[in-house]
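Residue-level structure breakdown
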Amino acid sequence: MNLLSLALAAALIAGGATAASAQTTAEAGPFPVTGNVPNLCAAGTLTGGGTAFDLGILSNESTGRMRRDLEATPKILTAAYCSTASTITIEATPLESVNNTNAPPPGFSRRIDYSATASGWTNVAAVYDTGSTSNPAATQSRATAFQGDITVSIGTFSTNGGDILRLVADPAYQGIVTVTLAATT
Amino acid sequence: MRASTILAILLPLVPASAHAQSTTTSDTRTFTVNGSVPGTCAVGPPTLAPGSQNNFRGLNGSTLQIDQLVDTTTLSTKAASIDVRFDSICTFPHRLMIESQNNGLWRTSERSSTPPEGFGYAVPYRALVRWARESLRLNADATIRRIADSSVFVRGSAIGDIELRLEIDSGSTNEAANAPLLAGVYGDTIRITLEPQ
């Protein structure tokens with residue numbers, strides 16, 4: 001049985017040589033060449049200080065009410081990019097007293113609302129207002145790949161319950177701002 | 001002779017299942033927003049409670065002036081009273097204190113002279129304070145010229161008016177009741193303090 005197989009193989013090789021000598025064209029292919037670039041987003045490198053918006057003292061020491069001149073230096077996320085269409089989403093939690101968590105007495109508040117904005121990525125900036133129950137502008141879309149800087153800022157501060165209210169004393173008031181860059185296809 | 005060459009290019013092939021789904025990659029940055037609210041106690045300027053003046057001329061800045069300290073028929077003290085409010089706030093647990101510098105209305109001149117017997121030369125009064133559901137009473141009895149004070153602890157934050165009522169009784173002096181008063185200018189200084197604890 002093994003002898004028979006070897007003989008057949010030899011015949012096939014010999015037959016091939018005969019065809020070449022007769023100028024017969026042989027062709028293989030086409031062979032598709034494929035690759036893949038995954039959807040990828042990176043939110044860039046933070047500049048403009050650390051990750052904290054430090055507002056300092058929040059209250060007017062003579063009135064006990066929220067200062068009207070609160071401001072914080074914006075944060076810059078440099079060289080952010082997305083390799084495809086994307087969305088940018090900003091979310092925030094209000095500034096609330098960390099240690100003094102009891103319900104504030106009449107005339108007082110323990111919460112400051114504000115708006116957080118992410119601009120530079122889309123034509124319309126993404127904005128989240130912690131005092132609003134609905135924030136449809138918090139997510140903005142971009143139809144093309146892009147690279148650039150994202151500016152994250154906070155502003156439009158107001159005392160929850162009304163600016164007539166005083167703020168309860170607490171050495172630590174804290175809120176969180178989150179910016180998410182997401183690829184979409 | 002035409003020869004075909006097979007060119008092998010090795011690529012990391014994406015599984016078919018990956019082509020079929022929509023891949024999404026995201027990146028998130030988180031920031032904190034920080035601030036602080038120090039304890040604050042503040043007492044605003046005095047204002048008169050409407051309709052509260054009895055024998056007081058009113059308020060001039062932070063000075064209360066009695067209209068007629070002496071009853072012209074008895075030559076002794078004429079009754080007087082007034083209510084004053086102070087818009088105030090304290091964002092800490094605190095102590096409310098009222099202090100009389102002289103423990104009564106004393107003559108501000110001729111202090112070295114010996115008063116003649118039978119005459120009064122100081123006038124006692126009461127100070128009643130209400131603040132944040134607490135009340136305070138100071139009897140400036142004019143027995144001795146000294147600092148007199150009274151205080152109360154207030155739990156928690158408070159906001160609103162400190163209500164101060166001053167009362168001078170008819171005929172009250174540091175000597176016998178209804179004793180005539182020596183001529184002169186009488187006065188005292190009252191301090192109200194909210195002190196964080």
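Residues numbered from 1 in each chain as written. Chains lettered and ligands numbered in written order. Predicted model: local features only at pLDDT ≥ 70, side-chain atom pairs only at ≥ 80, totals over all residues.

1. Observations regarding the sheet that holds strand 7 (residues 105-107) of chain B
Residue and element names in this part refer to chain B.
- The strand order across the open sheet built from three strands is 8-7-13, with neighbouring strands paired in antiparallel fashion. What marks the edges here is a single partner per strand, and that holds for strand 8 (122-123) and strand 13 (186-187).
- The pairing of strand 7 with strand 13 spans two bridges and is classified as antiparallel. When the bridges of strand 13 are listed, tryptophan 106 appears paired with glycine 187. (Pairing = 2+ DSSP bridges. Helix = DSSP H or I, 4+ residues; strand = E, 2+ residues; numbered from the N terminus.)

2. Quick look at the interface of chain B and chain A
- Between chain B and chain A, the contact holds 33 residues from the first and 57 residues from the second.
- The element best represented in the side of chain B that touches chain A is strand 1 (residues 26-37) of chain B, accounting for twelve residues.
- Of the residues assigned to the side of chain B that touches chain A, the class counts are 13 nonpolar, 17 polar and three charged.
- Both strand 3 (residues 52-57) of chain A and strand 1 of chain B contribute to a ladder of four bridges, which runs parallel. The partner of alanine 52 of chain A across the bridge, within strand 1 of chain B, is threonine 32 of chain B. (Contact = placed C-beta atoms within 7 Å. Nonpolar A, V, L, I, M, F, W, Y, C, P; charged D, E, K, R; others polar.)

3. Regarding the nonpolar core
- Of all hydrophobic cores here, the largest spans 41 residues; its most connected members are Leu58, Ile90, Ala118, Val177 and Val179 of chain A.
- Broken down by element, the residue count for this core peaks at six residues, all from strand 13 (residues 170-183) of chain A.
- With residues up to four places along the chain from it excluded, the contact list for alanine 118 of chain A reads Ile88, Ile90, Ala125, Ala126, Ile150, Val152 and Val179 of chain A.
- Of all hydrophobic cores here, the second largest spans 33 residues; its members include Leu64, Ile98, Val129 and Val154 of chain B. (Core = buried A, V, L, I, M, F, W, Y, C linked by C-beta atoms within 7 Å. Buried ≥ 20, exposed ≤ 12 C-beta atoms within 10 Å, placed from the backbone.)

4. Notes on the confidence of the model for chain A
- For chain A, the mean per-residue pLDDT works out to 87, and 87% of the residues sit at or above 70.
- Confidence over residues 1-20 of chain A falls short of pLDDT 50; this stretch has one contact with residues more than four positions distant or in other chains. (pLDDT = per-residue confidence, 0-100.)

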